[in-house]
Structures are given as C-alpha cells and as structure tokens.
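Given next are the chains, with one letter for each unit.
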Amino acid sequence: MEFLLRQWLEGWSGSSAEDFLLHFLQELERILPQVLASQSSDLLEEMNVLLIVGISPQVRAHFQEKSPVLNDLLHLLQQVAREQGMRVHFSIEFVEDPRLKLGEVWVDWEMPERGAVRAPCPTRWEYLCAKRAKRAYLIVPGGNLFPLEQSVVNVGRMKDNHLVLDDPRVSRHHAQIRRSPEGFILFDLNSTGGTMVNHLPVHQWTLRPGDVISLAGVTLVYGEEEEQNSFDEDTTDTATLPKGNE
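Scoring rules and cut-offs
- Residues numbered from 1 in each chain as written.
- Predicted model: local features only at pLDDT ≥ 70, side-chain atom pairs only at ≥ 80, totals over all residues.
- Heavy atoms only, no water.
- Helix = DSSP H or I, 4+ residues; strand = E, 2+ residues; numbered from the N terminus.
- Buried < 20%, exposed > 50% of the residue type's maximum accessible area, 1.4 Å probe, protein only.
- Contact = heavy atoms within 4.5 Å.
- Areas by Shrake-Rupley, 256 points an atom, 1.4 Å probe, with all protein chains shown as cover.
- Pairing = 2+ DSSP bridges.
- Axes fitted to C-alpha atoms, helices over the stretch in contact; angles between N-to-C directions.
- Polar contact = N/O pair within 3.5 Å; in protein donor to acceptor, adjacent residues only side chain to side chain.
- Phe/Tyr/Trp six-rings, centres within 6.5 Å; stacked < 30°, edge-to-face > 60°.
- Lys NZ or Arg CZ within 6 Å of the ring centre and 35° of its normal.
- Salt bridge = Lys/Arg side-chain N within 4 Å of Asp/Glu carboxyl O.
- Core = buried A, V, L, I, M, F, W, Y, C linked by side-chain atoms within 4.5 Å.

J.: Quick question: what am I supposed to make of the overall build of the chain here?
T.: Scanning the chain for helices and strands turns up four helices and 15 strands. Burial analysis of the chain (246 residues in total) assigns 43% to the buried set. The contacts in the chain between residues at least 6 apart in sequence include a share of 61% that link residues at least 24 apart. Summing over all exposed atoms, the chain offers an accessible surface of approximately 13,300 Å²; the carbon and sulfur share of this is 50%.

J.: Would you mind showing me how to read the sheet that holds strand 2 (residues 88-96) here?
T.: Read from one edge to the other, the open sheet built from three strands follows the order 2-1-3, with strand pairing classed as mixed. The open sheet terminates on both sides in strands that have one partner only, identified here as strand 2 and strand 3 (105-110). Between one strand axis and the next, the sheet turns through 25° on average, direction left out of account. Relative to strand 3, strand 1 (residues 47-55) runs antiparallel, the two sharing six bridges. Among the inter-strand pairings, Gly-54 is bridged to a residue of strand 3, identified as Trp-106. On the sheet, helix 3 (residues 68-83) packs against strand 1 and strand 2 and is oriented at approximately 135° with respect to strand 2.

J.: Quick question: what am I supposed to make of the side chain of His-162 here?
T.: In this fold, His-162 is placed in the loop between strand 6 (152-156) and strand 7 (163-165). Among the polar contacts made by the side chain of His-162, one reaches the side chain of Gln-150 at a distance of 3.3 Å. Side-chain polar atoms of His-162 contact the backbone nitrogen of Asn-154, separated by 2.9 Å.

J.: Honestly, the packing of aromatic side chains in this entry has me stumped. Any pointers?
T.: Each aromatic ring pair is specified by the distance between its two centres and by the angle formed by the two planes. Evaluation of the coordinates by the stated rule reveals two aromatic pairs. Lying across the ring of Phe-187, Arg-178 places its NZ or CZ 4.2 Å from the centre.

J.: Would you mind showing me how to read the sheet that holds strand 10 (residues 195-197) here?
T.: What holds strands together in a sheet is hydrogen bonding between their backbones, with the strands either parallel or antiparallel. Spatial strand order, 5-4-14-13-10-11: six strands in an open sheet with antiparallel pairing. Strand pairing shows two members of the sheet lacking a second neighbour, strand 5 (145-147) and strand 11 (200-201), which therefore form its edges. Relative to strand 11, strand 10 is paired through two bridges, and the arrangement is antiparallel. Note that in strand 11 the partner of Val-197 across the bridge is Leu-200.

J.: Sorry, what's going on with the pattern of salt bridges here?
T.: Opposite charge on two side chains permits pairing when their charged atoms draw close. This model, assessed by the stated rule, comprises three salt bridges. Here Glu-27 ties to Arg-30 by a salt bridge, and the two come within 2.9 Å at their closest N and O atoms. One end of the pair, Glu-27, and the other, Arg-30, are both in helix 2 (residues 15-37), three residues apart, so they sit about a helical turn from each other. For Arg-30, a relative accessible area of 30% puts it in the partly exposed group. Between Arg-169 and Asp-167 there is a salt bridge, with its nearest N and O atoms 3.0 Å apart. Arg-169 sits in the partly exposed class, given a relative accessible area of 36%. For Asp-167, a relative accessible area of 3% gives the class buried.

J.: What is the right way to look at the nonpolar core in this model?
T.: Soluble globular proteins: nonpolar side chains tend toward being buried together. Ranked by size, the top nonpolar core spans 34 residues in total, and within it Trp-8, Phe-20, Phe-24, Val-49, Leu-51, Val-53 and Phe-90 carry the most contacts. Membership of the second largest hydrophobic core comes to 22 residues, among which are Val-170, Leu-215, Val-218 and Leu-220.

Read these as layout, nothing more, since geometry by itself doesn't imply function.
Shown next as structure tokens:
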C-alpha cells in the first residue's frame, strides 16, 4: 500500500508529500476497522463504501480520482477487507478543507444507498466539518469526563478495558461503544446485570447527547461538545473508577 501511495505522490517532492503519506496511512488504519465492524461478517451482499478524503486546496491538483495507481490502491483495500471475510467495494472522493495545512489529511467514510442522490461537495464538506468538530465523552461516577477518542471503547470491571468500572455489579467485559457514521453506538456484551439507556433495557443503542446509561446500576451520561476544546490533563484513555454508584 505504501508503494502505491508513493507512486500516487510521484512528482510531488518535499516533506509535505512524506507527511501526507504518513497521515493518510494512519487514517486508513483508523478507518478500516470501523468499516469492518459496521457490518456482520456473514453479510452476503457487497458493501459500497465511499472514502471521503479531506485535503488542503494547495494540493488538490495532485489527486485525480481516475488515477490508475489510485484504482490499484482501492483494489488493495478491497483485498484487505475480503481477507477479513467482507465483500467491500471502495470508491474515493476528495474534499478541499481550507483548515488543513499542505501535508495534512483526514479520511471519513460512509455507505451510500443504491440510487441515493449524492450531495454536492460544499454541502458534504460543511456536514463533515460539523461532525468532526463534535467531541464525545462520558460523564462517569464522580463527575469526571472520559473522552471517547477511539473507534472502539470497551467498558467493564477487568483492567484490560479502556474504561474500567471497579464495581462488583459490572461484568468483566460489560459493554462496548463503537464509532460509526451515525455516531457512537452502545452494545451490551451479554452482561450479567444488563445495560439500560434512559431506563430502557437495550442490546444496541445509537447514543445521543444526554442519554443516561446504566450498566447494572452504575450510571454514565453520554455527551458531546461542539468546540475543539481539550479535555482535562488528568484524563487518560484508561480510567479506573471507585466502587459504588455515586
């Protein structure tokens, strides 16, 4: 994949090209697990996945959708998905993002329905910018914030979870929160005490700001903030919370 990207970047020299190569590979590594996790592995129908790539206006001319090298790259991504048991057809769309510097890039994705009318790029860019501006978090017992910065967050009593709830009512691996194009989705992992959202028992739930999550009686609140503000410095990817439901 790196070889194909270097061919794709041929003629664009300097550190900006190397930065783009690194950032694009990192973004693909982040996106692919989300795509594969979005559908059941026994899905028979082929998925159509649109990769939306944000680039700076200065480098737009270097990236042509019809490039043979780009087609090879998309074919390679399809092979990676098939190795995971998924039938995926990738396409790509470039979106100019004036917030980006010369070598910066971001990648988003969606699965357009067959026959759906596609929105023009300016509308899509505004939508993606608004979506990326939101930062999601959980308010945990004690009032601290746990930022949802990863595509998959495991919640439970065991120390190998991203969010550790040190309460005997919580199962060892109680729930999972996954990022998707629709937002964050909460899954109950067949826990003993069950999972509820807004007092309703759930197995799967697309979270909205203000949703009150109960993991066997331990309460979390889902929230989003519009601004790109950083979280408190003492907030980490893995948190251990005190016993009991405060």
